[in-house]
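Secondary and tertiary structure notes
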Amino acid sequence: MTASTETTNIISILKDNGYKMKENGTSITLKKPNSGSLASFIIFGIIGLILLGFGTYIGLHFATILCGLVFLGVPLIYDRFRYPSKIIIDTSRKEITLKSGFTVTKTYPFDDISSLEVDEAIVTSDVSPFKDGY
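So, how was this worked out
Each chain has its residues counted from 1, running along the sequence as written. With pLDDT at 70 or above as the cut-off, local features in this predicted model cover only qualifying residues; side-chain atom pairs require 80 or more to be listed or tallied, and sums for whole chains, interfaces and linings still use all residues. Hydrogens and water molecules were not included; the side-chain quantities draw on all heavy atoms of the structure. Pairing between strands is defined by DSSP: at least two bridges between them are needed. The helix count covers DSSP runs of H or I at least four residues long, the strand count covers runs of E at least two residues long, and both are numbered beginning at the N terminus. All axes here are fitted lines through C-alpha atoms, helices being fitted over the stretch that makes contact, and every angle between N-to-C directions spans 0 to 180 degrees. Here the term buried applies to any residue with accessible area under 20% of the maximum for its type, exposed to any over 50%, and partly exposed to those in between, with areas from a 1.4 Å probe on protein chains only. Every residue pair with non-hydrogen atoms within 4.5 Å of one another is taken to be in contact. The patches reported here contain residues having more than 30% relative accessible area and no salt bridge. Joining distances are 9 Å for like charges and 5 Å for nonpolar side chains (Val, Leu, Ile, Met, Phe, Trp, Tyr). We get accessible surface area from the Shrake-Rupley algorithm with a probe of 1.4 Å; when it comes to residues, only the shown protein chains can shield them. We define a salt bridge as a contact between a side-chain nitrogen of Lys or Arg and a carboxyl oxygen of Asp or Glu at a distance within 4 Å. In these notes, a set of buried Ala, Val, Leu, Ile, Met, Phe, Trp, Tyr and Cys residues joined through side-chain atoms within 4.5 Å is what counts as a nonpolar core.

1. Points about the sheet that holds strand β5 (residues 104–109)
Strand order in the open sheet made by the five strands is β1-β2-β3-β4-β5, with antiparallel pairing throughout. Looking at strand neighbours, the two that pair on one side only are β1 (20–24) and β5, the edges of this open sheet. Here the average twist between neighbouring strands, direction ignored, is 15 degrees. Note that β1 and strand β2 (residues 27–31) share five bridges and pair antiparallel. Its bridge partner being in β2, E23 is matched across the sheet by I28.

2. Observations regarding the side chain of T97
Within the secondary structure layout, T97 lies in strand β4 (residues 95–100). Look at T97 and you get buried, because its relative accessible area is 10%. Once you skip the residues sitting within four places of it in the chain, T97 turns out to touch K86, I87, I88, T105, K106 and T107.

3. Details of a nonpolar patch on the surface
The grouping of L38, I42, I46, I50 and F102 at the surface amounts to a nonpolar patch, some 480 Å² of accessible area in total. When you line up the elements, I50 lands in helix α2 (residues 35–58). Exposure remark for I50: the relative accessible area of 54% places this residue in the exposed category.

4. Observations concerning the nonpolar core
Formed by L14, Y19, L30, I87 and I96, the largest nonpolar core amounts to five residues. Not counting the four nearest positions on each side in its chain, I96 is found in contact with I87, I88, I89, K106, T107, Y108, F110 and I113.

5. Observations regarding the pairing of β1
Taken across its five residues, β1 has zero buried, putting it largely on the surface. Linkage of β1 to β2, two consecutive antiparallel strands, is achieved through a turn of two residues, within which G25 is found at a positive phi near 65 degrees.

Below is the structure:
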């Protein structure tokens, strides 16, 4: 398999999973739209701030303050463990940047990348309503 065929396969896999590709001169941006992330970030932030404010207003109620800190921390922890929402491949600076949510950004030079593997989960089933026993 040639390099152009592999590139075409990777781009088609990414497009099938919701990523959009955009070329800007010497860089390629792959972006996955995720509107739920912003909404959850705002909702959890508001709930956390309300709980923190209420906990300090009552007189430093430990359980309420702890719940407020947990609600404020949920979006930040979630950002660290999900797949990148934006991938920027910059050929002029020879680096790839992975952005997950609002807080996590990792940049790798091309020299540090030895291989690129894409995991594709294909769900197949041999259950059919027309088989014997169904």
